[in-house]
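# Observations on the three-dimensional arrangement
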Amino acid sequence: MARTLQVGDTVYVPCTCIPGMESTGVALYKTSVVELNGKRVKVRLRNGNLSNFIGSALLHRDVGILVINIGDFETEHTLLDPLAKSVAQFCRLLVPDDQIRSVRVRSLAELTQFWRQNQAAYSHVIWIGHGNETGIKFAVDGWKDSATLVQELRVHGAPKKTYISLCCKTGYQSFGAVMSEAPICRYFIGPFHSVEGAVASQFCQTFLTSHLLNGKTAGVAFRHARESVPGSSSFRLWNSGKLNAGPRA
């Protein structure tokens, strides 16, 4: 959701908001604001004309999606790779190819190096791997806890991001709350219990559709995904160390 917009700002508009653009192949159209009227804006269309007024709540300032597949060797072929591919392919229906990237790492060092060089391009980060109440498993390093990950992902002045963890049990307070307090984190979403790969994929896709395509806030999109996807009731939403939505215990 875009706030405090100004004329000339670059924004992403759901194509469903612009007549004639519903079948362009992607869900979001990158353009610029040309007129303001309270909480409504007009944007520049491809032919140079102006759109009708669109509610600013439907717009996004920056959209970049990063899928991080944290390998473990044992289950990559049967679980992690199919899950990462299903999520990444769906995201390509939402945004152009240059705004979605899927990477595999098997060590914390690999993640850190990639992150520091590329994180600025992404607003939404999806983690795929094996988790528990306190950490995520790396094939090379073993389990790394939330405090270690916060430290390694710290980048001064980096834009805040929404993290969607599809790693089991990372919605626990000992992991999710800690991650959500990091300066680089806007929201952290993760399951409170173990989660099936098919459920995790569908939850993530439903959340992103509601959030990016329908212009819902992260909180509203989270509740919609949790309520509409069978088996996803254990997901939790954390913000600044506080549990915003999801099961209390």
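As the structure is a prediction and not an experimental result, all values here were calculated from the model.

What counts, and at which threshold
- Residues numbered from 1 in each chain as written.
- Predicted model: local features only at pLDDT ≥ 70, side-chain atom pairs only at ≥ 80, totals over all residues.
- Heavy atoms only, no water.
- Phe/Tyr/Trp six-rings, centres within 6.5 Å; stacked < 30°, edge-to-face > 60°.
- Helix = DSSP H or I, 4+ residues; strand = E, 2+ residues; numbered from the N terminus.
- Buried < 20%, exposed > 50% of the residue type's maximum accessible area, 1.4 Å probe, protein only.
- Lys NZ or Arg CZ within 6 Å of the ring centre and 35° of its normal.
- Axes fitted to C-alpha atoms, helices over the stretch in contact; angles between N-to-C directions.
- Contact = heavy atoms within 4.5 Å.
- Nonpolar A, V, L, I, M, F, W, Y, C, P; charged D, E, K, R; others polar.
- Core = buried A, V, L, I, M, F, W, Y, C linked by side-chain atoms within 4.5 Å.
- Lys, Arg positive; Asp, Glu negative; His and termini not counted.
- Salt bridge = Lys/Arg side-chain N within 4 Å of Asp/Glu carboxyl O.

### Side note on the packing of aromatic side chains
On inspection of all chains with the given rule, the structure shows 8 aromatic pairs. Taken together, a centroid distance of 6.2 Å and an interplanar angle of 25° make the contact between Trp115 and Tyr163 stacked. Taken together, the positions of Trp115 in helix H2 (residues 108–118) and Tyr163 in strand S10 (residues 161–165) put the pair 48 residues apart, joining distant regions of the chain. Owing to a relative accessible area of 1%, Trp115 belongs among the buried residues under this scheme. Residue classification places Tyr163 among the buried positions, given a relative accessible area of 1%. Ring-pair connections join several aromatic residues into one group, and the members of that group are Trp115, Trp127, Tyr163, Phe175 and Phe188. The ring of Phe53 has Arg40 sitting right over it, with the charged end atom 4.4 Å from the ring centre. Taking NZ or CZ as reference, Arg236 lies 3.9 Å from the ring centre of Phe192, over its face.

### Examining the packing of H2 against helix H3 (residues 146–153)
Relative to each other, H2 and H3 sit at 35°, their axes nearing to 9 Å. Contacts between H2 and H3 pair Leu108, Leu111, Thr112, Trp115 and Arg116 from the former with Thr148, Leu149, Gln151, Glu152 and Leu153 from the latter. Here the contact of H2 with H3 is composed, by residue class, of 5 nonpolar, 3 polar and 2 charged.

### Concerning unusual backbone geometry
Of all residues except glycine, most have a negative phi; of all peptide bonds, most are trans. If you check the backbone angles, Phe73 has positive phi at about 70° while not being a glycine. With respect to the secondary-structure elements, Phe73 resides in the loop between strand S5 (65–70) and helix H1 (76–91). Given the relative accessible area of 52%, Phe73 is considered exposed. Non-glycine residue Lys169 carries a positive phi angle of around 65°. Among the secondary structure elements, Lys169 is positioned in the loop between S10 and helix H4 (173–180). Classification of Lys169 as partly exposed rests on a relative accessible area of 27%.

### Some details on the nonpolar core
Core analysis: the largest hydrophobic core is formed by 39 residues, its most contacted members being Val87, Ile126, Ile128, Leu166, Phe207 and Leu208. Of all the secondary structure elements, the ones that give two or more residues to this core are S5, H1, strand S7 (124–128), helix H5 (197–213), helix H6 (218–228) and strand S12 (235–239). With 8 residues, the single largest contributor to this core is H5. In contact with Leu208, other than residues within four places in its own chain, are Cys91, Leu94, His124, Ile126, Ile164 and Leu213. With 29 residues, the next largest nonpolar core counts Tyr122, Phe138, Ala177 and Ala182 among its residues.

### Looking at the side chain of Lys161
As for its placement among the helices and strands, Lys161 is situated in strand S10. One buried charged residue, Lys161, forms no salt bridge at all, with the nearest opposite charge on Asp62 at 9.5 Å. Those residues in contact with Lys161, other than ones at most four positions away along the chain, are Trp115, Gln119, Ala120, Tyr122, Ser123, Val125, Ile184, Cys185, Arg186 and Tyr187.

None of the figures reported here should be taken as evidence of function without further support.
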